[in-house]
Amino acid sequence: RELRKAYDKYNARAASIVVMNPITGDILAMASLPSFNLNAPAKRSRDSVRNRVINDFFEPGSVFKIVTAAAALEENVVDFKSPFFCENGEYRIGRRVLHDHTPHGVLTFKEVIEKSSNIGTVKVAALFGPGRMYKYMKGFGFYDRTGIDLPGEVVGMNRPISKWSGVSMFAIPMGHEVTTTAIQLASAVSVIADNGYLVRPRIVKEIIDERGQALKEFPPRVVRKVISPLTAAKVRSILRGVVESGTGKKARIEEVSAGGKTGTAQKVEQGVYSHERFIASFVGFAPVERPALSIVVCVDEPRPVYYCGDVAAPVFKTVMDESLKYLNAKGAL
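A brief look at the structure comes next.

Moving on to the nonpolar core. Ranked by size, the top nonpolar core spans 65 residues in total, and within it F109, M133, F140, I192 and I227 carry the most contacts. With nine residues, helix α7 (residues 182-193) is the single largest residue contributor to this core. In contact with I192, not counting residues within four places along its chain, are I66, A70, F140, I227, A232, V235, R236, L239 and F285. Listed in part, the 31 residues of the second largest apolar core include Y10, A280, A292 and V297.

Written out as C-alpha cells, the structure reads:
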C-alpha cells in the first residue's frame with residue numbers, strides 16, 4: 001500500500017520494497033511495482049511479472065556509504081570526530097570534478113555520513129585504499145547472490161579489483177561503479193543490524209503436513225562475520241544520526257529509534273550518468289538498540305521530485321512503524 005502511494009505520487013517507472021528480520025534472515029514481506037491482476041493473467045506485461053527485489057540490479061548511490069563507513073571504522077583509520085575538509089562542495093580530481101549536493105567545509109567523519117558528503121566519503125576511503133574496499137564489498141555480499149530460496153536471483157556486474165580504473169576509488173566508496181539488487185542491500189544493512197553477521201535471506205521456514213508436523217525445516221544460516229559487533233554498533237549510531245538530524249529526517253518514527261541511509265543514484269544511459277533519471281533508495285532498521293526489522297525501499301525514476309529523503313524515506317517510516325506495531329500485537333517481538 002505504501003509503496004503504491006509513492007509509485008503513483010511520483011509517477012515512478014518501477015518500485016520495490018523488502019522487509020527482513022536481520023537476525024534470522026526471514027523475508028517477512030516484499031513487493032514490486034508495476035504488478036498485474038492475477039485474475040487476468042493474459043493482460044500482464046513482461047515488465048509486471050518480474051520480482052524486482054531479486055531480478056533488478058542498479059547502482060545504489062549513497063546507501064552504499066554504509067559499507068565505506070563500516071570499512072573505515074573496522075580498519076581503525078577514523079573515529080567519529082576525525083575531520084575532513086569537504087572542499088565547499090567541489091573537488092577537482094584530475095580532469096573530473098566531484099560535487100556534493102550541499103556544499104560543506106570541514107565535517108567530522110560522523111557528519112560526513114549523516115550529511116552524505118560524496119567528497120568526504122571519498123577522502124575517508126583514501127585512508128584504507130582499494131584492497132580493503134574490495135575486501136568489504138565481498139564481505140557484505142556484493143559479489144555473490146544471497147542464496148535466497150527463490151528462482152531467478154541475479155547478481156550485479158561488479159568488477160574484480162584487477163579491473164578497477166584509476167578513478168574507481170573516487171566512485172565506488174559513494175556507490176558508483178558498483179551494482180546491487182534490493183535483496184543484497186537488505187542483507188548488507190542487516191549486517192549492521194545483526195552485530196556484524198551476514199545471514200542468508202529465507203522465504204520458507206519449514207514445511208508442515210496437515211497435522212502440523214514439520215516435514216522439513218530450513219534453519220537460519222549465518223554466512224560469515226563481516227565486521228566486529230563494536231563496529232556495527234558504531235555504524236548504527238551514525239545511521240541513527242542520519243535519521244534524526246541528517247538526510248533521512250523524513251524516516252523518523254515517533255517513540256521508536258530508527259537508523260538508515262538515503263541514496264539518490266543517477267542512472268547510467270549509454271555509458272554516461274543521466275541528469276534526468278534517478279533511483280531513490282532508503283535502507284534502514286529499527287529499533288536502533290536492538291533491531292527487529294530491516295527495510296529497503298527503491299523507487300525507479302520518480303518525477304518530478306527524485307530525492308530519496310522525500311520519495312523513499314516516508315515509505316520506510318510508515319512500513320516500519322506499522323510493522324513493528326503489528327508484530328508487537330502478535331507477540332512476535
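Counted under the stated rule, the structure contains six aromatic pairs. With 4.0 Å between their ring centres and 0 degrees between their planes, F278 and Y306 make a pair best called stacked. With F278 in strand β14 (residues 272-286) and Y306 in the loop between β15 (293-300) and α9 (308-311), this residue pair connects regions lying 28 residues apart in the sequence. Judged by relative accessible area, which is 8%, F278 ranks as buried. Given the relative accessible area of 25%, Y306 is considered partly exposed. Three or more aromatic residues link up through ring pairs in this structure, and these residues are Y134, Y143 and W164. Note that K123 overlies the ring of Y91, its terminal NZ or CZ placed 4.9 Å from the centroid.

Turning our eyes to something else, we now look at the sheet that holds strand β13 (residues 259-269). Taken in spatial order, the five strands make up an open sheet running β2-β1-β15-β14-β13, and their pairing is antiparallel. Strands at the two margins of the open sheet, each flanked by one partner only, are β2 (27-33) and β13. Taking each pair of neighbouring strands and ignoring which way they run, the sheet shows an average axis angle of 10 degrees. Looking at chain direction, β14 and β15 are connected through eight bridges and run antiparallel. Residue pairing across strands places I279 opposite D300, the latter belonging to β15. Most of the contacts of helix α8 (residues 229-245) go to β13, to which it runs at about 75 degrees, and overall it touches β13 and β14.

Parameters and conventions
Residues numbered from 1 in each chain as written. Predicted model: local features only at pLDDT ≥ 70, side-chain atom pairs only at ≥ 80, totals over all residues. Heavy atoms only, no water. Core = buried A, V, L, I, M, F, W, Y, C linked by side-chain atoms within 4.5 Å. Buried < 20%, exposed > 50% of the residue type's maximum accessible area, 1.4 Å probe, protein only. Helix = DSSP H or I, 4+ residues; strand = E, 2+ residues; numbered from the N terminus. Contact = heavy atoms within 4.5 Å. Phe/Tyr/Trp six-rings, centres within 6.5 Å; stacked < 30°, edge-to-face > 60°. Lys NZ or Arg CZ within 6 Å of the ring centre and 35° of its normal. Pairing = 2+ DSSP bridges. Axes fitted to C-alpha atoms, helices over the stretch in contact; angles between N-to-C directions.

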